[in-house]
Amino acid sequence: AAGVIQSPRHLIKEKRETATLKCYPIPRHDTVYWYQQGPGQDPQFLISFYEKMQSDKGSIPDRFSAQQFSDYHSELNMSSLELGDSALYFCASSLVEGADYEQYFGPGTRLTVT
Amino acid sequence: AQSVTQLDSQVPVFEEAPVELRCNYSSSVSVYLFWYVQYPNQGLQLLLKYLSGSTLVKGINGFEAEFNKSQTSFHLRKPSVHISDTAEYFCAVNLKSSGDKLTFGTGTRLAVRP
């Protein structure tokens, strides 16, 4: 079965640079979530989109923005990167109409800021 | 506000022994409960979930969990562990009335020894 695809899998950036992370949800899924997992930490919710509209917002810095496109893929844009942004970024997708509340996670993008 | 507490950061256990990973949550409203597993350098995989109905939930890889409303707990159990069960385990909650984001516990590292 198709899974959530994230690209790139690894990304190395310098401080103050920008980064764009991409997420391709499972086909027919209508909701995308972004989570940030710092080293040795639990995943923290950043933001979510339902049918291309922002549906919820968590502890996402103002330097970050995200959107969901017409084909349902989502991008997380990160500017003015800081060392503390180094983390594993997960994308998850779900089908709200399915009402099983299960989020399917991608393999993550490991961002390293030097 | 909702929160999730995983009381044990690490649980060492010998192969073929039983194990219990503890999870308690706090919420003034009803929640959905999940257990995810994360193998090294991989994404999150759903083990099992509780939405409603029977309080004993069976998941993949021989794991099960029991929802206890009075104790606000959702402990994960396996009667006999394998070396391959060595991983990080996260308990997560989803408020029924406030979007679909997951709030994770801090994780429990299960280390299975031969």
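Above this note sits the structure.
Rules of the game
Residues numbered from 1 in each chain as written. Chains lettered and ligands numbered in written order. Predicted model: local features only at pLDDT ≥ 70, side-chain atom pairs only at ≥ 80, totals over all residues. Heavy atoms only, no water. Helix = DSSP H or I, 4+ residues; strand = E, 2+ residues; numbered from the N terminus. Rg over C-alpha atoms; globule rule 2.2 N^0.38 Å. Contact = heavy atoms within 4.5 Å. Areas by Shrake-Rupley, 256 points an atom, 1.4 Å probe, with all protein chains shown as cover. Lys, Arg positive; Asp, Glu negative; His and termini not counted. Charge placed at Lys NZ, Arg CZ, Asp CG, Glu CD. Phe/Tyr/Trp six-rings, centres within 6.5 Å; stacked < 30°, edge-to-face > 60°. Buried < 20%, exposed > 50% of the residue type's maximum accessible area, 1.4 Å probe, protein only. Lys NZ or Arg CZ within 6 Å of the ring centre and 35° of its normal.

**Quick notes on the overall build of chain A**
Tallying secondary structure elements over chain A gives 0 helices and 11 strands in all. Put simply, chain A runs from its N terminus to its C terminus through helices and strands in the order β-β-β-β-β-β-β-β-β-β-β. Computed over C-alpha atoms, the radius of gyration of chain A comes to 13 Å, within 12% of the 13 Å expected from 2.2 N^0.38 for 114 residues, which places it in the range of a compact globule. Sequence-distant contacts, at least 24 apart, represent 54% of the contacts inside chain A between residues at least 6 apart. Of the roughly 5600 Å² of accessible surface on chain A, a fraction of 49% belongs to carbon and sulfur atoms. On chain A, the mean spot of the 10 positive side-chain charges and the mean spot of the 14 negative ones are 8 Å from each other.

**Topic: the packing of aromatic side chains**
One pass over the structure, following the stated rule, counts 13 aromatic pairs over all chains. Each ring, one from Tyr-35 of chain A and one from Phe-104 of chain B, has its centre 5.7 Å from the other, and the planes form 85°; the classification is edge-to-face. Of the two residues, Tyr-35 of chain A sits in strand S4 (residues 31-37) while Phe-104 of chain B sits in strand S11 (residues 103-104), which places them in two different chains. In terms of burial, Tyr-35 of chain A and Phe-104 of chain B fall into one category: buried. With 6.1 Å between their ring centres and 85° between their planes, Phe-90 of chain B and Phe-104 of chain B make a pair best called edge-to-face. In this pair, Phe-90 of chain B is assigned in strand S10 (residues 87-95) and Phe-104 of chain B in strand S11, connecting sequence segments 14 residues apart. Judged by relative accessible area, which is 1%, Phe-90 of chain B ranks as buried. Taken together, the ring pairs in this structure connect Tyr-35, Phe-45, Phe-90 and Phe-105 of chain A together with Phe-34, Tyr-36, Phe-90 and Phe-104 of chain B into an aromatic cluster. A cation over an aromatic ring shows up here: Arg-113 of chain B above the ring of Phe-14 of chain B, its NZ or CZ 6.0 Å from the ring centre.

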